[in-house]
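Listed here are the chains, written in short residue letters.
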Amino acid sequence: MFEQLDALIFRFEELHELLSDPEVISDSKRLRELTIEEADLSPKVAKIKRYKQVQQEIKDTEEMLGEGLDADMAELAKMELAELKAEKPRLEEEIKVMMLPEDPNDGKNIIMEIRGAAGGDEAQLFAGDLLNMYTRYADSQGWKVEVLDANITGIGGYKEVSLMITGHKVYSKLKFENGAHRVQRVPETESQGRVHTSTATVVVMPEAEEVDLDLKDADIRVDIYHASGAGGQHVNKTASAVRLTHLPTGVVVAMQDERSQLKNREKAMKVLRARVYDMLQSEAQAEYDSNRKLAVGTGDRSERIRTYNYPQNRVTDHRIGLTIQQLDAIMSGKLDEIIDGLVLFDQTQKLEELNGPQI
């Protein structure tokens with residue numbers, strides 16, 4: 001463990017030197033990658049240095065007490081030693097969490113797909129509410145949201161909507177949103193005031209780069225057709241809609257949101273790459289989870305993960321048993337308590353599985 005900690009410090013110092021290197025500065029892509037790596041390592045290195053400092057201070061204080069101090073100085077030294085010995089195990093636990101193997105996708109941007117499921121118009125309206133919730137949360141994190149494609153209903157709901165969220169470690173925070181989200185409320189069209197239950201599904205996929213997944217042109221069938229539905233004057237007049245089919249997996253992506261066939265194809269390719277990559281990752285995750293005693297549940301897309309109860313102003317995440325009586329705040333994008341709870345739960349499970357030696 002100590003070798004790993006020292007290696008992080010060494011790498012952090014190396015990054016400082018690299019970021020002042022003219023060759024790195026002139027290479028915008030490498031500069032961005034190294035800057036992100038440094039920002040990620042900075043809090044970890046600070047924690048490690050503090051841990052080493054506490055260890056040294058414990059040793060120095062114990063030596064001072066062994067040399068024989070006057071009563072007042074000895075009392076102060078004992079108080080300081082007690083504080084240091086209480087801080088040391090806290091730092092050890094924090095460093096253990098910090099050193100857990102990271103999901104290789106944690107630093108990636110995501111493509112999110114939200115669909116109205118069971119419940120007709122009400123489910124599609126709820127899909128729109130979820131879109132608004134995630135958009136506001138993304139804004140609070142300083143992320144950028146781009147709607148790739150949307151199938152909007154006449155009453156303002158969404159049969160389905162695809163969006164791309166870009167920023168710092170987006171996947172690490174939103175990867176647990178996969179699953180069925182259930183809403184309990186009185187629909188606007190309900191004249192008797194009865195509470196209805198509807199669902200919308202959310203799929204979160206890490207953006208896949210070409211280095212992650214090599215999709216061969218020969219494996220992709222491209223169909224061009226006229227757009228349909230809402231979309232302006234170009235609808236049914238220009239063949240701008242694009243459908244991509246990945247033949248080996250059967251994954252299909254259709255895109256018609258843009259007037260330009262080229263833009264639709266670019267967007268469709270992003271989604272196709274993400275879906276195929278996600279399919280392969282999900283298969284591997286399912287196999288891994290089958291060997292785990294516990295799992296947060298990122299793999300099962302049909303799993304009901306959360307209930308939003310409007311009459312009681314309550315949100316419950318069923319995987320970790322967390323209930324929050326502030327549904328209005330959650331729907332306005334204040335998701336930190338839920339997301340932090342899911343991340344902590346996942347870290348706790350991983351620590352239990354590792355069950356490794358103390359530092």
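In this text the structure is predicted, and so the values were computed from the model without any measurement. (Residues numbered from 1 in each chain as written. Predicted model: local features only at pLDDT ≥ 70, side-chain atom pairs only at ≥ 80, totals over all residues. Heavy atoms only, no water.)

### As for the confidence of the model for the protein
So, point 1. Mean pLDDT over the protein works out to 83, with 86% of the residues at or above the 70 mark.
So, point 2. In the model, residues 230-236 has pLDDT below 50 throughout and makes 13 contacts with residues more than four positions away in sequence or in other chains. (pLDDT = per-residue confidence, 0-100. Contact = heavy atoms within 4.5 Å.)

### Some remarks on the sheet that holds strand S2 (residues 144-152)
So, point 1. In space, the eight strands of this open sheet follow the order S2-S3-S1-S5-S4-S9-S10-S11, with mixed pairing throughout. In this open sheet, the two edge strands, each paired with only one partner strand, are S2 and strand S11 (322-324). On average, adjacent strands in this sheet sit at an angle of 15 degrees to one another, irrespective of strand direction.
So, point 2. As judged from the three bridges shared by strand S10 (residues 314-317) and S11, these two strands associate in the antiparallel manner. Its bridge partner being in S11, Val315 is matched across the sheet by Ile324. (Pairing = 2+ DSSP bridges. Helix = DSSP H or I, 4+ residues; strand = E, 2+ residues; numbered from the N terminus. Axes fitted to C-alpha atoms, helices over the stretch in contact; angles between N-to-C directions.)

### Regarding the environment of Leu272
So, point 1. Its location among the elements puts Leu272 in helix H7 (residues 261-289).
So, point 2. Leu272 sits in the buried class, given a relative accessible area of 0%.
So, point 3. As for Leu272 and Val251, which are separated by 21 residues in sequence, their C-alpha atoms are 7.2 Å apart.
So, point 4. Ignoring anything within four residues of it in the chain, the contact list for Leu272 reads Leu215, Ile220, Leu244, His246, Val251 and Val253. (Buried < 20%, exposed > 50% of the residue type's maximum accessible area, 1.4 Å probe, protein only.)

### Considering the pairing of S2
So, point 1. Judged from the eight bridges that link them, S2 and strand S3 (residues 158-166) form a sheet pairing that is antiparallel. Paired with Ala150 across the two strands is Val161, which belongs to S3.
So, point 2. The antiparallel pairing of S2 with S3 creates a hairpin that spans five residues between the two strands, and Gly156 there sits at a positive phi of about 95 degrees.

### Re the sheet that holds strand S8 (residues 251-255)
So, point 1. As summarised here, the arrangement of the three strands in space is S6-S7-S8, forming an open sheet in which the pairing is antiparallel. Among the strands making up the open sheet, the edge pair consists of strand S6 (220-225) and S8. Neighbour-to-neighbour, the strand axes of the sheet open up by a mean angle of 15 degrees, direction not taken into account.
So, point 2. Pairing of strand S7 (residues 241-246) with S8 involves five bridges; the strand directions are antiparallel. Its bridge partner being in S8, Thr245 is matched across the sheet by Val252.

### Observations concerning the environment of Asp317
So, point 1. Turning to its location among the elements, Asp317 is positioned in strand S10.
So, point 2. Classification of Asp317 by relative accessible area gives buried; the value is 1%.
So, point 3. Residues Asp317 and Arg304 lie 13 residues apart in sequence; the distance between their C-alpha atoms is 9.1 Å.
So, point 4. Residues in contact with Asp317, not counting those within four places in the same chain, are Ile305, Arg306, Leu322, Ile338 and Leu342.
So, point 5. Of the polar contacts made by the side chain of Asp317, one reaches the side chain of Arg306; its length is 3.0 Å. (Polar contact = N/O pair within 3.5 Å; in protein donor to acceptor, adjacent residues only side chain to side chain.)

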